[in-house]
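# Overview (structure and organization)
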Amino acid sequence: GACWLACTLWDLLGLDTFWLPRLKPSRKGTRWLHVLKVLTAYRLIDPGSEWRLHRQWYDRSAMGDLLGLIFRHSTGIVVV
């Protein structure tokens, strides 16, 4: 529920519209908007270190399902 609520608040505030033109495309295909959404939700729901975000929180949260992403520890966030 908390991840869904964070994504719903993001949408209600129109943050995609605000951030998308401000985030430059990555040469390696990183979707910075998705990274920003994950980091923002993490800080709102269960603040902690970035290490914990990558090693524990993301795997146990619904963020990947909500954004249509999977996470691989060796390569980072990958779009499916």
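Residues numbered from 1 in each chain as written. Predicted model: local features only at pLDDT ≥ 70, side-chain atom pairs only at ≥ 80, totals over all residues. Heavy atoms only, no water.

With respect to the helices, strands and loops of the structure, Ser 61 is situated in the loop between α4 (50-60) and α5 (63-67). You can call Ser 61 buried: its relative accessible area is 18%. Among the polar contacts made by the side chain of Ser 61, one reaches the main-chain amide nitrogen of Met 63 at a distance of 3.3 Å. (Helix = DSSP H or I, 4+ residues; strand = E, 2+ residues; numbered from the N terminus. Buried < 20%, exposed > 50% of the residue type's maximum accessible area, 1.4 Å probe, protein only. Polar contact = N/O pair within 3.5 Å; in protein donor to acceptor, adjacent residues only side chain to side chain.)

Moving on, we come to the nonpolar core. Of all hydrophobic cores here, the largest spans 11 residues; its members are Cys 3, Ala 6, Cys 7, Val 38, Ala 41, Tyr 42, Leu 53, Trp 57, Tyr 58, Met 63 and Leu 67. Taken together, the elements giving at least two residues each to this core come down to α1 (2-12), α3 (32-45), α4 and α5. (Core = buried A, V, L, I, M, F, W, Y, C linked by side-chain atoms within 4.5 Å.)

Following both chains from N to C, one finds α1 and α3 inclined at 120°, their axes separated by 10 Å at the closest point. For the element pair α1 / α3, the angle class is oblique. When the axes of α1 and α3 are compared, the crossing they make is right-handed. Judged by residue contacts, Ala 2, Cys 3, Ala 6 and Trp 10 of α1 engage Leu 33, Leu 36, Lys 37, Thr 40, Ala 41 and Ile 45 from α3. Residue composition of the contact of α1 with α3, by class: 8 nonpolar, 1 polar and 1 charged. (Axes fitted to C-alpha atoms, helices over the stretch in contact; angles between N-to-C directions. Parallel < 35°, antiparallel > 145°, perpendicular 65-115°, else oblique. Left-handed = near helix turned anticlockwise from the far one by under 90°. Contact = heavy atoms within 4.5 Å. Nonpolar A, V, L, I, M, F, W, Y, C, P; charged D, E, K, R; others polar.)

Okay, the packing of aromatic side chains next. Throughout the structure, instances matching the rule amount to 2 aromatic pairs. Both rings, one in Phe 18 and one in Trp 19, keep their centres 5.1 Å apart while their planes meet at 85°; by these two values the pair is edge-to-face. Note on Phe 18: relative accessible area 37%, which makes it partly exposed. Note on Trp 19: relative accessible area 29%, which makes it partly exposed. Judged by centre distance (5.1 Å) and plane angle (55°), the ring pair of Tyr 42 and Trp 57 falls under tilted. (Phe/Tyr/Trp six-rings, centres within 6.5 Å; stacked < 30°, edge-to-face > 60°.)

So, about the packing of α3 against α4. It is the contact of α3 with α4, at a shortest axis distance of 12 Å, that shows an interaxial angle of 90°. In terms of orientation, α3 and α4 fall into the roughly perpendicular class. Contacts between α3 and α4 involve Val 38, Leu 39, Ala 41, Tyr 42, Arg 43 and Ile 45 on the former and, on the latter, Glu 50, Arg 52, Leu 53, Trp 57 and Tyr 58.

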